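Residue-level listing of the chains:
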Amino acid sequence: MRQALDEARKAFNKGEVPIGAVVVYGDRIVGRGHNLTETLADPTAHAEMQALTAATGAIGGKYLNECRLYVTVEPCVMCAGACFWCQVGQVIYGAPDPKRGASLHTPSLFHPKTQVRTGILEQECREWMETFFRKLRF
């Protein structure tokens, strides 16, 4: 999760919503990403999408069932759908997203075999978001 937080910092420094993600296969990072929606003028350029695309390229296939996705904030519906189609083995996120998070939907939008863990370094992940939005308001 610390590596995902580093990616969130990169997004923050670019004026992007500070969400970072990494995909881990075994003991190595095979994909990294941070939000680039403003930079690329692309509403699909979420951190998870960047990391998943990099990971499938590194692994050489579209299925990531042996991988873990670490993301600082709960994935949205689009990113949960991408995780579904990649069949990510585990999704591990820090802070929940009570407005747009995938957990608002029942049944789960993740693949049935995907394990989901929450609350990892939650306070740190939440603080990046709060700092970013506080900065926008003032």
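The name given to the protein chain in an unreviewed UniProt entry is tRNA-specific adenosine deaminase, and the organism recorded there is Alistipes hominis. Looking at the Subunit (unreviewed entry) heading of the UniProt record, one finds this comment for the protein chain: "Homodimer." What UniProt records for the protein chain under Catalytic activity (unreviewed entry) is the sentence "adenosine(34) in tRNA + H2O + H(+) = inosine(34) in tRNA + NH4(+)".

(A) Seen up close, the UniProt feature "active site" (unreviewed entry) in the protein chain. In the UniProt entry, the feature "active site" (unreviewed entry) is given for E48. Structurally, E48 can be placed in helix α3 (residues 47-59). Setting aside residues no more than four positions away along its own chain, E48 makes contact with A21, L69, V71, V73, P75, C76 and C79.

(B) Structural detail: the pattern of salt bridges. Applying the stated criterion to the full structure yields five salt bridges. Taking the shortest distance from any N to any O, the salt bridge between E124 and R2 comes out at 2.6 Å. Taken together, the positions of E124 in helix α5 (residues 122-137) and R2 in helix α1 (residues 2-13) put the pair 122 residues apart, joining distant regions of the chain. A residue is classified by how much of its surface remains accessible, and E124, at 27% relative accessible area, is partly exposed. Notably, a salt bridge pairs E7 with R32, separated by 3.6 Å at the nearest N-O pair. In this pair, E7 is assigned in helix α1 and R32 in strand β2 (residues 28-34), connecting sequence segments 25 residues apart.

Cut-off values and rules
Along every chain, residues carry numbers that run from 1 in the direction the sequence is written. Confidence filtering applies because this is a predicted model: local features only for residues at pLDDT of at least 70, side-chain atom pairs given and counted only at 80 or more, and all residues used for totals across whole chains, interfaces and linings. Hydrogens are left out, water is left out, and the side-chain values use all remaining heavy atoms of the structure. UniProt positions are given in the numbering used here, feature names are shortened, and annotations may be inferred rather than shown by experiment. Per the convention used, a helix needs a DSSP run of H or I reaching at least four residues, while a strand needs a run of E reaching at least two, with both numbered from the N terminus. In this analysis, two residues are considered to be in contact whenever any of their non-hydrogen atoms come within 4.5 Å of each other. We count a salt bridge whenever a side-chain nitrogen from Lys or Arg sits within 4 Å of a carboxyl oxygen from Asp or Glu. Each residue is placed in one exposure class: buried if its accessible area under a 1.4 Å probe, protein chains only, is under 20% of its type's maximum, exposed if it is over 50%, and partly exposed if it falls in between.

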